[in-house]
Amino acid sequence: MIKLFSLKQQKKDEESAGGNRSGSGGKKASAAQLRIQKDINELNLPKTCEINFPDDDDLLNFRLIISPDEGFYKGGKFVFSFKVGQGYPHDPPKVKCETMVYHPNIDLEGNVCLNILREDWKPVLTINSIIYGLQYLFLEPNPEDPLNKEAAEVLQTNRRLFEQNVHRSLRGGYVGATYFERCLK
């Protein structure tokens, strides 16, 4: 309770001093903005991840870069965009993979199949939870719940061919009829 009171007092002090924390001309920050601020302050990024904000004043839209250091995708660099809506934390953020990748749980349009971004989302989950979930997809692709059914089938039936396809896609080249841009770091 004391902490909440001190935050309110700090905000009043800042407003009376002519400043304001929301940066929007005196408008109060939304619940989503307050929660994302808290999530970002508490981020504990693994060494394989980095986050950047194209607009420093907009914490609701940012990019995550994952560079796996083990597994099939070792050496790759994958960019995800996060769009956090005003319903956050009750609604999950929209996450898209901007890097075209040969992966059973990421389709060629960048849609991501991660349970906590859909049916298993709960308001207690944080941006950190999503980051670790995305990182885990690169360590352990899940062929049981695929968006890219072809990649999932190859992973289940011929692991060696799957690994070759992943490496071909990372280096830049065709896997079947689909061309992948180079995404090695």
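- An unreviewed UniProt entry annotates the chain as NEDD8-conjugating enzyme UBC12 of Eleginops maclovinus.
- According to its UniProt record, the chain has this under Sequence similarities (unreviewed entry): "Belongs to the ubiquitin-conjugating enzyme family."
- In UniProt, the chain has this text filed under Catalytic activity (unreviewed entry): "[E1 NEDD8-activating enzyme]-S-[NEDD8 protein]-yl-L-cysteine + [E2 NEDD8-conjugating enzyme]-L-cysteine = [E1 NEDD8-activating enzyme]-L-cysteine + [E2 NEDD8-conjugating enzyme]-S-[NEDD8-protein]-yl-L-cysteine."

**Some details on the pairing of strand S2 (residues 61–66)**
A regular strand places its side chains so that they alternate between the two faces of the sheet.
Okay, step 1: One ladder, built from four bridges, connects strand S1 (residues 49–52) with S2; its direction is antiparallel. Bridged to Ile-51 within S2 is Leu-64.

**Brief notes about the environment of Phe-80**
Okay, step 1: Within the secondary structure layout, Phe-80 lies in strand S3 (residues 78–83).
Okay, step 2: Assessed through its relative accessible area of 0%, Phe-80 is described here as buried.
Okay, step 3: Residues Phe-80 and Thr-99, spaced 19 residues apart in sequence, show a C-alpha to C-alpha distance of 7.5 Å.
Okay, step 4: Once residues within four sequence positions are removed from consideration, Phe-80 is found in contact with Phe-62, Arg-63, Leu-64, Ile-66, Val-95, Lys-96, Cys-97, Glu-98, Ile-106, Val-112, Leu-134 and Phe-138.

**Structural notes on the environment of Asn-61**
Okay, step 1: Counting through the fold element by element, Asn-61 comes out in strand S2.
Okay, step 2: We classify Asn-61 as partly exposed; its relative accessible area is 29%.
Okay, step 3: In this structure, Asn-61 is in contact with Phe-53, Pro-54, Phe-82 and Lys-83, ignoring residues within four places of it in sequence.
Okay, step 4: Within polar-contact distance, the side chain of Asn-61 engages the side chain of Asp-58 at 2.7 Å.

**Brief notes about the sheet that holds S1**
Okay, step 1: One open sheet accounts for four strands, arranged S1-S2-S3-S4; its pairing is antiparallel. Strands at the two margins of the open sheet, each flanked by one partner only, are S1 and strand S4 (94–97). In this sheet, adjacent strand axes meet at a mean angle of 20° when their direction is disregarded.
Okay, step 2: One ladder, built from four bridges, connects S3 with S4; its direction is antiparallel. The residue bridging Phe-82 from the neighbouring strand is Val-95, located in S4.

**Remarks on the nonpolar core**
Okay, step 1: Among the nonpolar cores identified, the biggest contains 42 residues, and Phe-80, Phe-82, Ile-127 and Leu-134 are the most heavily contacted of them.
Okay, step 2: Elements supplying a minimum of two residues to this core: helix H2 (31–41), S2, S3, S4, helix H3 (127–139), helix H4 (149–157) and helix H5 (159–171).
Okay, step 3: In contact with Phe-82, not counting residues within four places along its chain, are Leu-60, Asn-61, Phe-62, Leu-64, Pro-93, Lys-94, Val-95, Ile-127, Ile-130, Ile-131 and Leu-134.

**A word on the pattern of salt bridges**
Okay, step 1: In the structure shown here, the tally under the stated rule is seven salt bridges.
Okay, step 2: Among the charged side chains, a network of salt bridges with common partners joins Arg-118, Glu-119 and Asp-145.

**Quick notes on H4**
Okay, step 1: For H4, the set of buried residues is Ala-151, Ala-152, Val-154 and Leu-155. Buried positions in H4, seen along its axis, are confined to an arc of 165° and lie on one side of it. In H4, the exposed residues that point more than 90 degrees away from the buried face are Lys-149, Glu-153 and Thr-157.
Okay, step 2: Buried residues along H4 sit against H5.

**Some words on H3**
Okay, step 1: End to end, H3 covers 19 Å across 13 residues, agreeing with the expected 18 Å (1.5 Å per residue, within 8%).
Okay, step 2: All of the buried residues along H3 are Ile-127, Asn-128, Ile-130, Ile-131, Gly-133, Leu-134, Gln-135, Leu-137 and Phe-138.
Okay, step 3: In the core, the buried residues of H3 are packed alongside H2, S1, S2, S3 and S4.

**Some words on the UniProt feature "active site" (unreviewed entry) in the chain**
Okay, step 1: The UniProt record annotates "active site" (unreviewed entry) at Cys-113.
Okay, step 2: Along the chain, Cys-113 turns up in the loop between S4 and H3.
Okay, step 3: Residue class for Cys-113 comes out buried when judged on its relative accessible area of 5%.
Okay, step 4: Every residue in contact with Cys-113, bar those within four places of it in the chain, is listed here: Asn-105, Arg-118, Leu-137, Asp-145 and Leu-147.

What counts and what doesn't
Residues numbered from 1 in each chain as written. Predicted model: local features only at pLDDT ≥ 70, side-chain atom pairs only at ≥ 80, totals over all residues. Heavy atoms only, no water. UniProt positions renumbered as here; feature names shortened; annotations may be inferred. Pairing = 2+ DSSP bridges. Helix = DSSP H or I, 4+ residues; strand = E, 2+ residues; numbered from the N terminus. Buried < 20%, exposed > 50% of the residue type's maximum accessible area, 1.4 Å probe, protein only. Contact = heavy atoms within 4.5 Å. Polar contact = N/O pair within 3.5 Å; in protein donor to acceptor, adjacent residues only side chain to side chain. Axes fitted to C-alpha atoms, helices over the stretch in contact; angles between N-to-C directions. Core = buried A, V, L, I, M, F, W, Y, C linked by side-chain atoms within 4.5 Å. Salt bridge = Lys/Arg side-chain N within 4 Å of Asp/Glu carboxyl O. Arc of directions from axis to C-beta. Expected span 1.5 Å × (residues − 1).

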